[in-house]
2 protein chains.
Amino acid sequence: MRLSRYFLPVLKETPAEAQIASHRLMLRAGMIKQQAAGIYSWLPLGFKVLRRLENIVHEEQVRAGHIPMLMPTLQPADLWRESGRYDDYGEEMLRIKDRGGRDLLYGPTNEEMITDIFRSHVGSYKDLPLTLYHIQWKFRDEIRPRFGVMRGREFFMKDGYNFDLDYENAMHAYNRHMVSYLRTYERMGLQAIPMRADSGPIGGDDTHEFLVLAETGESEVFYDSEITGLKLGDREIDYDNWDEVAGICTEWTTPYARTDETHDEALFDAIPEERRKTSRGIEVGQIFYFGTKYSEPMGAVVTTDTGERVPVHMGSHGIGVSRLVGAIIEANHDENGIIWPEGVTPFHAGIVNLRQGDAETDAACERLYAALEAEGLEPLYDDREERAGAKFATMDLIGLPWRITVGPRGLKNGVVELTSRRTGESEELAPELAVARLRDIYAGHI
Amino acid sequence: MRLSRYFLPVLKETPAEAQIASHRLMLRAGMIKQQAAGIYSWLPLGFKVLRRLENIVHEEQVRAGHIPMLMPTLQPADLWRESGRYDDYGEEMLRIKDRGGRDLLYGPTNEEMITDIFRSHVGSYKDLPLTLYHIQWKFRDEIRPRFGVMRGREFFMKDGYNFDLDYENAMHAYNRHMVSYLRTYERMGLQAIPMRADSGPIGGDDTHEFLVLAETGESEVFYDSEITGLKLGDREIDYDNWDEVAGICTEWTTPYARTDETHDEALFDAIPEERRKTSRGIEVGQIFYFGTKYSEPMGAVVTTDTGERVPVHMGSHGIGVSRLVGAIIEANHDENGIIWPEGVTPFHAGIVNLRQGDAETDAACERLYAALEAEGLEPLYDDREERAGAKFATMDLIGLPWRITVGPRGLKNGVVELTSRRTGESEELAPELAVARLRDIYAGHI
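Residues numbered from 1 in each chain as written. Chains lettered and ligands numbered in written order. Predicted model: local features only at pLDDT ≥ 70, side-chain atom pairs only at ≥ 80, totals over all residues. Heavy atoms only, no water.

- Looking at an unreviewed UniProt entry, one finds chain A named Proline--tRNA ligase and attributed to Sinisalibacter aestuarii.
- Word for word, the UniProt comment on chain A under Sequence similarities (unreviewed entry) is "Belongs to the class-II aminoacyl-tRNA synthetase family. ProS type 2 subfamily."
- According to UniProt, the comment filed for chain A under the heading Subunit (unreviewed entry) is "Homodimer." (UniProt positions renumbered as here; feature names shortened; annotations may be inferred.)

1. A closer look at the relation of the copies chain A and chain B
- With an RMSD of 0.0 Å, the operation that places chain A on chain B is a rotation of 180° combined with a shift of 0.0 Å along the axis. Look at the turn and shift together and you get a two-fold axis relating the two. Minimal C-alpha distance to the rotation axis in chain A is attained by A:I96, lying at 3.0 Å.
- Counting the interface residues of chain A, we find that 100% of their copies in chain B are interface residues as well, pointing to one common contact surface. (Least-squares fit on C-alpha atoms with pLDDT ≥ 70 in both. Contact = heavy atoms within 4.5 Å.)

2. Comments concerning the pairing of strand β11 (residues 219-224) of chain A
All names here are of chain A.
- Counting buried positions along β11 yields 5 of 6 residues, so the element is predominantly enclosed.
- Note: β11 against strand β13 (residues 276-291), 6 bridges, orientation antiparallel. Bridge pairing in β13 links S219 to G281.
- Two strands pair when backbone bridges link them, and β11 and strand β12 (residues 257-259) are joined in this way by 3 bridges, in the antiparallel orientation. Opposite V221, over in β12, you have T259 as the bridge partner. (Buried < 20%, exposed > 50% of the residue type's maximum accessible area, 1.4 Å probe, protein only. Helix = DSSP H or I, 4+ residues; strand = E, 2+ residues; numbered from the N terminus. Pairing = 2+ DSSP bridges.)

3. Notes on helix α12 (residues 388-398) of chain B
All names here are of chain B.
- Among the residues making up α12, those that are buried are A390, K391, T394, M395, L397 and I398. For α12, the buried positions fall inside an angular range of 165° around the axis, keeping them on one side.
- Tucked into the core, α12 has its buried residues touching α1 (21-28), α2 (44-63), β18 (337-338), β19 (349-353), β20 (379-382) and β21 (402-406).
- In the segment just after α12, G399 is the residue with positive phi, at about 80°. (Arc of directions from axis to C-beta.)

4. Quick look at the packing of helix α2 (residues 44-63) of chain A against helix α10 (residues 321-331) of chain A
Residue and element names in this part refer to chain A.
- The contact between α2 and α10 brings their axes to 9 Å, and the two run at 115°. Considered as vectors, α2 and α10 are oriented roughly perpendicular to each other. The chirality of how α2 crosses α10 is right-handed. Here V49, L50, L53, E54 and V57 of α2 lie close against α10, whose contacting residues are V321, S322, L324, V325 and I328.
- When grouped by side-chain class, the residues that make up the contact of α2 with α10 number 8 nonpolar, 1 polar and 1 charged. (Axes fitted to C-alpha atoms, helices over the stretch in contact; angles between N-to-C directions. Parallel < 35°, antiparallel > 145°, perpendicular 65-115°, else oblique. Left-handed = near helix turned anticlockwise from the far one by under 90°. Nonpolar A, V, L, I, M, F, W, Y, C, P; charged D, E, K, R; others polar.)

5. A short note on the side chain of A:E60
- Relative to the elements of secondary structure, A:E60 occurs in helix α2.
- Among residues more than four places away in sequence, those in contact with A:E60 are A:S180, A:R183, A:T184 and A:R187.

6. Section: the packing of aromatic side chains
- Using the criterion set out here, one finds 27 aromatic pairs over all chains in the structure.
- Here the aromatic rings of B:Y181 and B:Y185 are separated by 6.2 Å at their centres, their planes lie at 85°, and the arrangement is edge-to-face. Residue B:Y181 and its partner B:Y185 are located together in helix α6 (residues 167-187), separated by 4 residues, close to a single helical turn.
- Between B:Y369 and B:Y381 the ring centres are 6.2 Å apart and the planes differ by 50°, which places this aromatic pair in the tilted class. On the criterion of sequence distance, the pair formed by B:Y369 in helix α11 (residues 359-374) and B:Y381 in strand β20 is long-range, its members being 12 residues apart. Like B:Y381, B:Y369 is buried.
- Taken together, the aromatic side chains of A:Y106, A:F139, B:Y106 and B:F139 make up a single cluster linked through ring pairs.
- The aromatic ring of A:Y86 is capped on one face by A:R95, whose charged end is 4.6 Å from the ring centroid. (Phe/Tyr/Trp six-rings, centres within 6.5 Å; stacked < 30°, edge-to-face > 60°. Lys NZ or Arg CZ within 6 Å of the ring centre and 35° of its normal.)

Right, here's the structure in full:
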């Protein structure tokens, strides 16, 4: 993309309403615009990141054997009356009357609807196990929306639901979700720690939430530093192998890690002192096992191999996709702007032309641009007639991990400058070597 | 995907409520489930098609130089009060009050919001031309939703908006949209004819709608048969070249083609009689130029090179993505089910195992499956223990363009059977040749 043709409305001033770094930086970098309290437009740069996260979530869910579909944003109130949650849910549920006077609501979550789909179409244990998921806009009418997309009202979320014959199968589904979530966060450049949690309004026995460590997190967290060393890396995972999947979960849940809600002082004190850590965390996902809580009242039953009719065991599993954009920024920024991890960056590299209009420099930039695209990379080329300082400031603000600076002086020596946004370190090298370097860096990310 | 692990709830009975083929077939093929009047869940098979259409629309919009972003589903009423449409829009607008008593609405279209984004961030002619678009769920509270996703209330739509300095630039944007739409439909296997149209509630001077010929279409259409022979094919298009783009529009708009709303009997009668055609058509898109209708009242102005402040010239351009799923089926089905065009099929080929459990047949199917995946194709493997007849009926119903039938008898002679869903013709050939054939058929589609 050429910046002269893009829509990147960066702001010079820091917006007064933004209290935390991600909100401030998303506004300044032209990623979002507020349209009403807690309701945002995703401007082109923001949408690109959101879409990358959505694709990563899809890929990891499909890899785990979960099946994508899509439920609507609006739901009939009657479904929620069946489960008893229509009255329980309170004011956070946005209730709507259509022109025919029928009660609708903007879905805050989808347990009722997915259970309805299941009971309408599935009747035999032979159709199990089954995990369906979707990524869809949801609405919670927060009384005090704030922190930008971190606590918006209209938000984009992946929620998945498993249907299993018994507790053991449902626990495998639970574990499969935990592992697929760990992979998802890791690909996004995040370390998200699974922590035993309270179940809240969804209900349930087993539940973990995933927290990203960040000063601005809403929860206080206590953990054993051993856990921050864990990585899945390139590990091949057979999601059908119960033991293998359970083994990974054990690895990740053995070191102590709890939020203030479930913190156990005695257990914490048993950890060697130098490994005891306290911090704050941002919740970016949660998995639940809740058994027959919905299948029983809503009649989601299957016939077993002995002809018995039993309610299915279910769980629900969510990743806050729009919130993750904010969480990634909270965990990856400095005083000059965002620092995107390679897995989620909106563009793979910025090209800064130091002398726009100079025929040779322009041509070198165009060649670089074409060479990067030929490698399957997406460059953002700042081809505006602007001072170098302004171009650098924009690149730093929007946080592309790599910048290639092209100027007449370097070209005379056959080199361009490759700069890491994270370390600030620069290196002069031939343009084709810069391209090769970026190709290697992004191998596995595109 | 293995069918034993998929969620494909096909129906044996034809649902009574479905009046047209696409609605009937989408329900029977397990593509959708109605959740409330005109509000649908997209079950896995339906979602796969919807996503393919979404991706084609994105690709063709980006190719034309238009910039993707995403606006929220809910909008503040105040924006619509500014344009005067809040009161005008009538009962089709779904009006909502949030817990704070503020007026929101579920966006039926986005002229106001995009104009607000523009005026907040753009002030100079140097930032023009600019075309922004998004693909998002919208809501129109139809009094009588029907025909499934063809006339739903919650629907998925691409809407794009151009901002230009003057009429000539805006006309180029208009033409660019016409050409990018023609390419989009062609990739979906559809012939959509641009027809001069009335402008309706959006307002505007120049407007064309795109109609797919189908017996169940809501509009009567009159056209010169010359137009159905036009094809863009692999033509390289330079979207920056005004004359080239305008030339294509002239090609497609010169032969007579009108709906009953704008039909001109005298012009029609001037066409040689054998070329005069009457049919019905389904509207799948519309483009509008409306000048300063929104920019003037809402203050979307730029400073020109002479320092003058002028309202920008705008247009809006829509493709009904969810409706297209239905339109494609209306134009592509027979008495046994759907017949997907190669460009939009949810899976590229079906594999039917005639003797599930037979070691050699199973192994041959697995090898085929792996070989197709290695070519970047997505097979759907019917690995259920079912009669051949039931497997064929399912494949015919869900309409994959190609089926590979694998049985012990053929394997003894080293062959499998490749069958075209459209022609019904079969051919016996070695498995590796079947894979090579499909690779060639799908070249350019994946």
